Amino acid sequence: PATLYVVATPIGNLRDITLRALDVLAAVDVVAAEDTRTTKHLLARYAISKTLFALHRHNESALFAKIAGLLSQGKTVAIVTDAGTPAISDPGGLIVRFVREQGFKVVPIPGCNAAACALSVAGISNPHFLFYGFLPTSSGPRRRALANLKPHPYSLIFYEAPHRILECIGDMTEVFGRNRRITFARELTKVFETIHGCALGEALAWLEADSDRRKGEFVLILSGAEPPKETELSEQARSTLQLLMHELP
Ligand code: SAM
């Protein structure tokens, strides 16, 4: 009764959907989808036929009245995006907040997320990561955003589009230097899935060597800033030590 389900869908391979997600999608009264064609295709694959309506990426509030109307009639609604988990670099967050403020129940149906999928195969042991999502699309603001991230000791996770990948890696190399490790996770769960790790200084050459490597969808994972080595003394400690050494017999 009167529940909003936030349902994760596949990021490529259509079999990457949970049994519970299929149960919920089959049972709800209506599905609000970022792109109704994409969702129709997914539902058809599982022989689910549903009333769909469009959830506009840049105007979530346009749906507030409609969703509140359905919920107040006791209906159940699911929201899905084109790929992965709603509200992660995707619409959903504002609707969820609104629906909860109206006093209705919100239930997450977990599943795919491109960032978690990429992290699972990046070969990183640092337990801390920072999910950034999409960087600014023009170089100046992108470099400034990267410069702010540079001191963080966490692995950094980005989403990037194929037509910006070269520029973005160029800026990363400029800001972070050539030694940090980068992992490309491209076309995850799809036919041309590629996972490649290298030093940032080698990344542009790797991308340029084959135009296929620049196609499709990307998650980029950069290793975090190295913590200062414990053997390195601060300036102050060094001068104190030198003073003390003079006192030694
Ligand atoms: N909500 C989604 C999630 O949970 O991951 C993210 C949606 S965001 C609009 C789309 C971006 O996610 C793409 O530009 C790409 O960076 C990343 N992405 C989605 N699917 C991917 C895949 N199969 N392989 C690599 N990256 C993917």
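Sequence order as written defines the numbering, with residues in each chain counted from 1. Only residues with pLDDT of at least 70 get local features here, since the model is predicted, and only at 80 or more are side-chain atom pairs given and counted; chain-wide, interface and lining totals rely on the full set of residues.

The name that an unreviewed UniProt entry assigns to the chain is Ribosomal RNA small subunit methyltransferase I, with the source organism given as Nitrosospira multiformis. UniProt positions are given in the numbering used here, feature names are shortened, and annotations may be inferred rather than shown by experiment. Check the Catalytic activity (unreviewed entry) section of the UniProt entry for the chain; it says "cytidine(1402) in 16S rRNA + S-adenosyl-L-methionine = 2'-O-methylcytidine(1402) in 16S rRNA + S-adenosyl-L-homocysteine + H(+)". In UniProt, the chain has this text filed under Sequence similarities (unreviewed entry): "Belongs to the methyltransferase superfamily. RsmI family."

(A) Representation of the site of the ligand in the model. Taken together, 24 residues sit near the ligand, with Gly 84, Ala 114, Tyr 159, Leu 188 and Glu 217 positioned nearest. Three classes are used: nonpolar for Ala, Val, Leu, Ile, Met, Phe, Trp, Tyr, Cys and Pro, charged for Asp, Glu, Lys and Arg, and polar for all others, with Gly counted as polar. For the shell around the ligand, the per-class residue count stands at eleven nonpolar, seven polar and six charged. Nearness is defined per residue: the C-beta atom, placed using the backbone, must lie within 6 Å of the molecule or strand.

(B) Region of the structure containing the sheet that holds strand E7 (residues 155–160). DSSP bridges decide pairing: two strands pair if at least two such bridges lie between them. Helix numbers and strand numbers start at the N terminus; a helix is a DSSP run of H or I with at least 4 residues, a strand a run of E with at least 2. One open sheet accounts for five strands, arranged E6-E7-E10-E8-E9; its pairing is mixed. Of all strands in the sheet, those bounded by a partner on one side alone are strand E6 (129–134) and strand E9 (194–199). Strand-to-strand twist across the sheet, computed as the mean angle between neighbouring axes with direction ignored, equals 15°. In this sheet, strand E10 (residues 218–222) lies alongside E7 in antiparallel orientation, the contact comprising five bridges. For Tyr 159, the partnering residue across the bridge sits in E10 and is Val 219. Each residue is represented by a C-beta atom placed from its backbone, and any two residues with such atoms within 7 Å are regarded as in contact. Axes here refer to lines fitted to C-alpha atoms; in helices the fit is confined to the stretch in contact. Angles between the N-to-C directions go from 0 to 180 degrees. Each of strand E8 (181–186) and E9 touches helix H8 (residues 200–208); the most contacted strand, E9, lies at about 135° to it.

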